[in-house]
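# Results of the structural survey
Single-letter residue listing:
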Amino acid sequence: MLNVTQTFLPPLEEYAKLLEPVWESKWLTNRGKLVCELEERLCRYLEVPNLLAVANGTIALQIAIKALGLKGEIITTPFSYVATVSSIVWEGCIPVFVDIDPIHLTIDENKIEEAITDKTSAILATHVYGNPCNVEAIEEIASRNGLKVIYDAAHCFGVKYKGRSILEHGDVSTLSFHATKLFHTGEGGGIVTANEEIRKTIFDHHNFGHNGPEEFFGLGVNGKMSEINAAMGLAVLEYIDDIIARRRSVREAYNAALADNGVALINLREGTEWNFSYYPVIFESEELLLDVKNEMNKKDIFPRRYFYPSLNRLPYLPYGELPVAEDISRRVLCLPLSDSFTPADAERVSEVLR
Ligand SMILES: *Cc1c(COP(=O)(O)O)cnc(C)c1O
């Protein structure tokens, strides 16, 4: 069976070895040694000044929204995983959708300004499939209009843009370390910010608002990562370069097998060093996509419709038409991609598609 992805698991004895000191100390959470070590190692690997490990990528977004004090309307993309938008609603803000750029599939920077009102407090955009948003244009618009910027960088582990980590952009970037993501801790996430004041507020928010054991600075939540999850991250991190290299070879096999076959492949923004996180293909029509998906399922191949439906169609939001996102989301399919697949697997999938 070829699923859309397969989680990388480190050798069990390596994971167990990392857990030995946890068993000895009986210290399972509340910023134990492994969480702190994982944060340090991730900072070095990702080349970012700081990273707070949290329980998942959704709480990372919610804490970012809360810590930045966002209110009213937040401009966002309809082409992402649901957590991007549900976080906005969960934090009591109103998502205002801006359609996507049909080339890069990220929020269309040329349509952001017309969506800004006197209630807008921020832009929350996704570097979808690890393809960077037009960060220069977005930052310019944000500073001209006094808006905060959060990037949902859940797909961006290790992505560089113009030679630097993509996570350096925006006031805050959030990561997901869910088991289906390129780098994972089982469940987990991360928050990156270059601003020391924001970093401190985010830290306080993720730990119930504690200011020492008997004092509170204000409202908080439990966003902490456990030692069990951090151990998984440390064990996986040993293999990350290998994981990325293997995915690269599967992607190359797909590219060769699918050239000139009527599907469009991802257009990475110029200056991107990518991480091979997903293999989306865009069909000429939804009918064709459904046919191909059915045929694949019959052969035990399970691609996923990332991301369908377009998020402006969520049942808890008023519907407003977004032609590009709705069209793309009906026609895009993510083919199976994982470090455990071989170029021969890519050929098997491509064969069905052809
Ligand atoms: C996976 C994902 C999230 C949520 O992350 P979890 O760790 O599963 O909570 C948020 N945004 C995007 C774009 C994602 O793909």
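It should be noted that the structure appears before, not after, this text.
Notes on the structure follow. (Residues numbered from 1 in each chain as written. Predicted model: local features only at pLDDT ≥ 70, side-chain atom pairs only at ≥ 80, totals over all residues. Heavy atoms only, no water.)

Here we take up the overall build of the protein. Each helix and strand in the protein was counted, giving 11 helices and 15 strands. A compact globule built from 354 residues would reach a C-alpha radius of gyration of about 20 Å, and the protein, at 20 Å, matches this within 12%. In terms of overall dimensions, the protein has C-alpha extents of about 65 × 55 × 40 Å along its principal axes. The long-range fraction of contacts in the protein, counting pairs at least 24 apart against all pairs at least 6 apart in sequence, stands at 69%. Of the accessible surface of the protein, which amounts to about 15700 Å², a share of 52% is contributed by carbon and sulfur atoms. A distance of 2 Å separates the average location of the 34 positive side-chain charges in the protein from that of its 50 negative side-chain charges. (Helix = DSSP H or I, 4+ residues; strand = E, 2+ residues; numbered from the N terminus. Rg over C-alpha atoms; globule rule 2.2 N^0.38 Å. Contact = heavy atoms within 4.5 Å. Areas by Shrake-Rupley, 256 points an atom, 1.4 Å probe, with all protein chains shown as cover. Lys, Arg positive; Asp, Glu negative; His and termini not counted. Charge placed at Lys NZ, Arg CZ, Asp CG, Glu CD.)

The next point concerns the packing of aromatic side chains. Two aromatic rings are characterised by how far apart their centres lie and by the angle between their planes. Scanning all chains against the criterion turns up 13 aromatic pairs. Where F8 meets Y239, the ring centres are 5.2 Å apart and the plane angle is 45°; that geometry is what we call tilted. Placement of the pair is F8 in the loop between β1 (2–3) and α1 (12–25) and Y239 in the loop between α7 (227–237) and α8 (240–258), with a sequence separation of 231 residues. Owing to a relative accessible area of 14%, F8 belongs among the buried residues under this scheme. When the centroid spacing of 4.5 Å and the interplanar angle of 25° are considered together, the rings of Y254 and Y279 count as stacked. With Y254 in helix α8 and Y279 in the loop between β12 (272–273) and β13 (280–282), this residue pair connects regions lying 25 residues apart in the sequence. (Phe/Tyr/Trp six-rings, centres within 6.5 Å; stacked < 30°, edge-to-face > 60°. Buried < 20%, exposed > 50% of the residue type's maximum accessible area, 1.4 Å probe, protein only.)

Residue Y306 is joined to F307 through a cis peptide bond whose omega torsion reads 0°. By the element assignment, F307 lies in the loop between β14 (301–302) and α10 (323–331). Following Y308, the chain continues into P309 via a peptide bond in cis, with omega recorded as 0°. With respect to the helices and strands, P309 occurs in the loop between β14 and α10. The backbone of R31 shows a phi angle near 55°, a positive value even though the residue is not glycine. Mapped onto the elements of the fold, R31 is located in the loop between α1 and α2 (33–46). With phi around 60°, F276 is a residue other than glycine that occupies positive phi space. Here F276 is to be found in the loop between β12 and β13. Residue classification places F276 among the buried residues on the basis of a relative accessible area of 6%.

The ligand sits among 15 residues. The nearest are T58, D152, H155, S176 and K181. Taking H155, its side chain carries an N or O atom lying 2.7 Å from an oxygen atom of the ligand. Contact between the ligand and S176: an oxygen atom at 2.7 Å from a side-chain N or O atom of the residue. Contact with the protein chains removes 92% of the 380 Å² of surface that the ligand exposes when unbound. Looking at the shell around the ligand, the elements with two or more residues in it are α3 (57–67) and α4 (82–90). Within the shell around the ligand, the residues separate by chemical class into three nonpolar, 10 polar and two charged. (Near = heavy atom within 4 Å. Polar contact = N/O pair within 3.5 Å; in protein donor to acceptor, adjacent residues only side chain to side chain. Nonpolar A, V, L, I, M, F, W, Y, C, P; charged D, E, K, R; others polar.)

Moving on, we get to the state of the cysteines. Counting across every chain of the model gives zero disulfides. C43 forms no disulfide, and the closest cysteine sulfur to it belongs to C36, at a distance of 11 Å. Judged by relative accessible area, C43 falls into the buried class, the value being 15%. In this structure C93 is not part of a disulfide, and its nearest cysteine sulfur, from C133, lies 19 Å away. (Disulfide = S-S within 2.5 Å.)

None of the figures reported here should be taken as evidence of function without further support.
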